[in-house]
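# Analysis of the macromolecular model
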Amino acid sequence: MSALTGDLIEARLKELAQHTSEPGRMTRLYLSPEHRAAMDLVASWMRAAGMDVHVDAAANVVGRYEGAPPDAQTLLIGSHIDTVRNAGIYDGNLGVVTGIAVVEELHRAGRRLPFAIEVIAFGDEEGVRFATTLSGSRAVAGRFVESCLDERDAGGQSRRDLLAGFGCGVTQTPQAARDPSRVLGYVEVHIEQGPVLEARSLPLGIVTAINGCSRGEVRLKGMAGHAGTLPMDMRHDALAAAAEMILAVEARGRAETGLVATVGVLNMPSGAINVVPGEVRFTLDVRSADDAGRHRAVEDIRRDLARIAAHRGVSCDIEISYDAPAAPCDGALMDLLSRAVDIQGLEAFRLPSGAGHDAMSFRGLWPIAMLFVRCRGGVSHNPAEYASPEDMGLGARALFDFVHLLGART
């Protein structure tokens, strides 16, 4: 049976999903015992597919399939095998299993390409356990931040100690970095995590860019008071101000195509049923493939929130703590993916990615490309996450054709 069948890919995803810290729920955090077990399983598949396998200093599992010439450049194919808590089984894992399937099919045919292939199973894409995320792909990019080794999880365990427990030499992290002159590019297969492909009745999509993202927190201070005795026209209600501000954030997101703006967390540190809220905090997340447009939107939101705060008599402090630029995909690799999708008899539809991915780490270093696979209802980070075997098989065959088209070009 071909390694490129959706049924085989689904079977492997289900086998991988057995490695979870919560029976009946998919939870596999970075550097957990379950992550270790998943790494070992992935490594066994890589070896069976004809790859030489090692684990690098950031706990990435790397399988290498040599090219025909000994001095060939390398195509990187990857995604992640860590998950959020109570996740689905496709996010990240699909890209790793599909990459292995492509190499397995090449190995079965005894075929070598004009470049080497490395399939990489990154372990720290979701950023659930530690404050810093993408540490695995950043290590490969040569952008690993050493200070993150001292970060501790909720249980007080440091990243440094946990990596050492995995047999990873943390002082050797720079050795995980690739020489950009030796990398042909990076390609990642991933479920869409959104509803666009399903709405267009398309199983596959070619990603044009990974949206840039600005994140931060808004802190409001009004005046707490007794809910029964404080007249409405004398209140400085921080929650009422927050409600108006959240609608303003939503309105700014709706005002521009390709821009999204979200308030995902709302906290009242001293809230009570009989108290006018005096302090509120909420998060802000603004994304777009257009960095200049995203920054304009953030400034517009700042002005709108300041105006609302002044009108309602509360103070407003906005801290943007995270600003990641958009990662545009390479035009030539997008064209090859489009041809590969055409070969499957499908429309080569292009769309941006609103979610972040390991591919972002390689921005500006070497060409990147992504292929989306339709997911039911656009649901992700949820046990209901689902991609059909038919769609996953199409994705695997498109990736297989892509590497051959790239080989012909090379």
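Residues numbered from 1 in each chain as written. Predicted model: local features only at pLDDT ≥ 70, side-chain atom pairs only at ≥ 80, totals over all residues. Heavy atoms only, no water.

### Observations regarding the pattern of salt bridges
Applied cut-off: Here, a salt bridge means any Lys or Arg side-chain nitrogen found within 4 Å of an Asp or Glu carboxyl oxygen. Helix and strand definitions follow DSSP, with helices as H or I runs of at least four residues and strands as E runs of at least two, each counted in order from the N terminus.
Scanning all chains against the criterion turns up 29 salt bridges. D317 is the salt-bridge partner of R219, the closest N and O atoms lying 2.5 Å from each other. In this pair, R219 is assigned in strand β7 (residues 212-221) and D317 in strand β13 (residues 315-324), connecting sequence segments 98 residues apart. In the salt-bridge network here, residues are joined through shared partners; they are R12, E104, E105 and R108.

### Examining the nonpolar core
Using the following cut-off: In this description, a nonpolar core means a group of buried Ala, Val, Leu, Ile, Met, Phe, Trp, Tyr and Cys residues linked to one another through side-chain atoms lying within 4.5 Å. Exposure categories follow from relative accessible area, calculated using a 1.4 Å probe and restricted to protein chains: below 20% of the type maximum is buried, above 50% is exposed, and the middle band is partly exposed. For this analysis, residues touch if any pair of their heavy atoms sits within 4.5 Å.
By size, the foremost hydrophobic cluster in this structure holds 105 residues, and its most contacted members are V42, I100 and F402. With ten residues, helix α10 (residues 389-409) is the largest single contributor of residues to this core. Those residues within four positions of I100 in sequence are excluded, and the remaining contacts are R12, V42, W45, M46, A49, M51 and V119. Judged by nonpolar contacts, the second largest core, of 22 residues, contains A242, A248, I301 and L305.

### Some points on the packing of helix α7 (residues 238-254) against helix α8 (residues 291-312)
Condition: All axes here are fitted lines through C-alpha atoms, helices being fitted over the stretch that makes contact, and every angle between N-to-C directions spans 0 to 180 degrees. Throughout, the term roughly parallel applies to angles under 35 degrees, roughly antiparallel to angles over 145, roughly perpendicular to angles from 65 to 115, and oblique to all others. Each helix crossing is assigned a hand: it is left-handed if the near helix lies turned anticlockwise from the far helix by less than a right angle, otherwise right-handed if that turn is clockwise. Put simply, Ala, Val, Leu, Ile, Met, Phe, Trp, Tyr, Cys and Pro go in the nonpolar bin, Asp, Glu, Lys and Arg in the charged bin, and everything else, Gly too, in the polar bin.
One way to put it is that α7 packs onto α8 with a least axis distance of 10 Å and a crossing angle of 155 degrees. Overall, the two elements α7 and α8 adopt an arrangement that is roughly antiparallel. The two elements α7 and α8 meet at a crossing, and its hand is right-handed. In this structure, α7 uses A240, A241, E244, M245, A248, V249 and R252 to contact α8, whose residues at the interface are R296, A297, D300, I301, D304, L305, I308, A309 and R312. Broken down by class, the residue content of the contact of α7 with α8 amounts to ten nonpolar, no polar and six charged.

### Describing helix α3 (residues 93-108)
An α-helical turn contains 3.6 residues, so any two residues separated by three or four positions project in the same direction. For clarity, the threshold we go by: For a helix, the expected span equals 1.5 Å multiplied by the residue count minus one.
Given a rise of 1.5 Å per residue, 16 residues ought to cover 22 Å, and the 22 Å separating the end C-alpha atoms of α3 matches this to within 8%. Trailing α3 by a residue or two, G110 shows a phi angle of about 65 degrees, which is positive.

### Things to note about unusual backbone geometry
Phi at A59 is positive, roughly 70 degrees, even though this residue is not glycine. Summarising the element assignment, A59 is placed in the loop between β1 (52-55) and β2 (61-65). A59 gets classed as buried once you look at its relative accessible area, which sits at 0%. Phi at S201 is positive, roughly 55 degrees, even though this residue is not glycine. Within the secondary structure, S201 sits in the loop between α6 (196-199) and β6 (204-210). For S201, a relative accessible area of 56% corresponds to the exposed category.

### Things to note about the packing of aromatic side chains
The geometry of an aromatic ring pair comes down to the distance between the two centres and the angle between the two planes. Definition in use: Side-chain rings of Phe, Tyr and Trp, where Trp is taken by its six-membered ring, are said to pair if the distance between their centres is within 6.5 Å; with planes under 30 degrees apart they count as stacked, over 60 as edge-to-face, and otherwise as tilted. Lysine NZ or arginine CZ positioned within 6 Å of the ring centre and within 35 degrees of the ring normal marks a charge as sitting over the ring.
One pass over the full model with this rule turns up five aromatic pairs. Both rings, one in F122 and one in F362, keep their centres 6.3 Å apart while their planes meet at 45 degrees; by these two values the pair is tilted. One end of the pair, F122, is in strand β4 (residues 116-122); the other, F362, is in the loop between β15 (350-353) and β16 (368-373), and 240 residues separate them in sequence. Among the aromatic side chains, those forming a connected cluster through ring pairs are F122, Y186, F362 and W366. Above the plane of the ring of Y65 lies R112, whose end atom (NZ or CZ) is 4.0 Å from the centre. Of note, R215 hangs over the ring of Y322, and the distance from its end group to the ring centre comes to 5.4 Å.

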